[in-house]
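Fold and geometry: a report
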Amino acid sequence: RAKEEGRDAYRFFTGSMDESIIVRRAIEQDLRIALDTGEGLSVCYQPQMDGSGTIVTGLEALIRWHHAVRGELTPEAFIPIAEEAGLIDQLGKWVLEQACGVARLWPDLSIAVNVSPLQFRTHGCAEALEAIVRAAGVEPGQIELEITEGILLDEDEVVRDALARLRRIGFRIALDDFGTGYSSLSYLRKFEVDKIKIDRSFVKRLGHDNEAAAIIHAVVTLGHAMALSVTAEGVETEEQGQMLRLAGCNELQGFLFSEAVPQAAIQQLVDRKRTSLAA
Ligand code: C2E
Ligand code: MG
Ligand code: MG
Ligand code: MG
C-alpha cells in the first residue's frame, strides 16, 4: 500500500522532477500554515453499517483539505507529504481532536480515526493520544484507531509495545486495508487487534471472479476464529453488499451507504432508515 500511495503521489506531481519538488515544498509550506490556522482543513465522516447494512454503528473520520489555490487535495496526495515533513503528528492529533468532538455528540457511535505508522514512532504516543481523548471527555473505548499493515513492517518492538499500551488504555485497534500487505497473516498472529478491514480491492472484484469471494470467505472465517470483528470496505453495489452480508461480515462501509459527509450531515445519516440488504 505504501508503494501504491507513492505512485499516486507521483502521478499527482506530474512534470519534471524539479517542478515536483517545488510543488511539494509549496504544499508542505501551505499545510504547515493550514495546520496552524485550521484554515481549509476539515474532517468528513463515513458511516459504518451493521452487517445487514441497515443501521449506522460507527463513523470513520477522514481528513479533507480544500486548498485556496489548488482546490481539493486528496489525502493520498498530502498525507505522504505531511509524513515526510514531520507534520503527521500534528495532523493526526488535530483529526483526533475533531473526531472526539463528534464522539461526544454521538455517544452511541464508534468513531474510527486513521493513524499514520509514523505516529507510532514517537515516544509516549499512546499516552499523547489518551490525553487528547480524555481532555475531550471521551472514553478511549469509543475510539477505534485504524492502522495499516505497512506500519508493522519494521520496528516490531516499538509498534507492538505502542499497540499493547493503546489497547490497555481501552482504544480499539483495526487493521486497515487488510490483505494488501506483505504478510497479513503473520501480522495477525504477532499483533493484537480487535478488527480487520478487508481492503476494497477484494470487494471490488466480488461478482467478477470467484477467487475474490473465496478470499473474503477465508478472511471472515479466520477473523471470527480469532474472535475479531470483520469489516468490508468499499461496498458500492447491492450485489456486493448481499455477498458480504452472506459471508458474515460484521460491518459494511462504502459508497452504497454513503460517502464521507461533513459533521453537519451526520444526524441525517443516522436517522435515515435503510432497507436491509436482501439475503
Ligand atoms: P482508508 O483509511 O482506507 O479510507 C477509505 C478510503 O476509501 C477513503 O478515501 C474513502 O473515502 C474511500 N471510500 C470509502 N468507500 C468507498 C467506496 O465504496 N468506493 C471507493 N472507491 N472508495 C471508497 P479518502 O478519504 O480519500 O482517504 C484515503 C486514505 O487516506 C485513507 O484510506 C487513509 O489511509 C488516508 N487518510 C484519510 N484521512 C486520514 C487521516 O486523518 N489521517 C491519516 N493518517 N490518514 C488518513
Ligand atoms: Mg481507514
Ligand atoms: Mg482502508
Ligand atoms: Mg486505504
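Cut-off values and rules
- Residues numbered from 1 in each chain as written.
- Chains lettered and ligands numbered in written order.
- Predicted model: local features only at pLDDT ≥ 70, side-chain atom pairs only at ≥ 80, totals over all residues.
- Heavy atoms only, no water.
- Buried < 20%, exposed > 50% of the residue type's maximum accessible area, 1.4 Å probe, protein only.
- Helix = DSSP H or I, 4+ residues; strand = E, 2+ residues; numbered from the N terminus.
- Pairing = 2+ DSSP bridges.
- Right-handed = clockwise from strand over helix to strand, strands pointing away.
- pLDDT = per-residue confidence, 0-100.
- Contact = heavy atoms within 4.5 Å.
- Near = heavy atom within 4 Å.
- Polar contact = N/O pair within 3.5 Å; in protein donor to acceptor, adjacent residues only side chain to side chain.
- Areas by Shrake-Rupley, 256 points an atom, 1.4 Å probe, with all protein chains shown as cover.

1. What to know about the pairing of strand β6 (residues 172–178)
Look at any regular strand and the pattern is simple: side chains alternate between the two faces of the sheet. Burial analysis of β6 places six of its seven residues in the buried class, which makes it a mostly covered element. Both strand β5 (residues 143–148) and β6 contribute to a ladder of five bridges, which runs parallel. When the bridges of β6 are listed, T148 appears paired with D176.

2. Let's talk about the pairing of strand β4 (residues 110–114)
With four of its five residues buried, β4 lies for the most part within the structure. Pairing analysis gives four bridges linking strand β2 (residues 56–67) to β4, with the strands arranged parallel. When the bridges of β4 are listed, G58 appears paired with S110. Following the chain from β4 across helix α5 (residues 125–135) to the adjacent parallel β5, one finds a crossover that is right-handed.

3. Brief notes about the confidence of the model for the protein chain
Taken over all residues, the pLDDT of the protein chain has a mean of 90, while the share at 70 or more is 90%. Low pLDDT, under 50, characterises residues 1–6; the predicted model gives this stretch six contacts beyond four residues in sequence or across chains. Model confidence for the complex: the whole-complex pTM is 0.92, and ipTM, which rates the interface, is 0.98.

4. Remarks on the site of ligand 1
Inspection of the region around ligand 1 gives 22 residues, with R64, N114, R200, E236 and F255 positioned closest. Here D177 contributes a side-chain N or O atom positioned 3.1 Å from an oxygen atom of ligand 1. Within the complex, the protein chains bury 88% of what would otherwise be the 800 Å² of accessible surface of ligand 1. Broken down by secondary-structure element, the contributors of at least two residues to the shell around ligand 1 are β2, α3 (75–84) and β6. Ranked by the residues each element gives to the shell around ligand 1, the list is headed by β2, at four residues.

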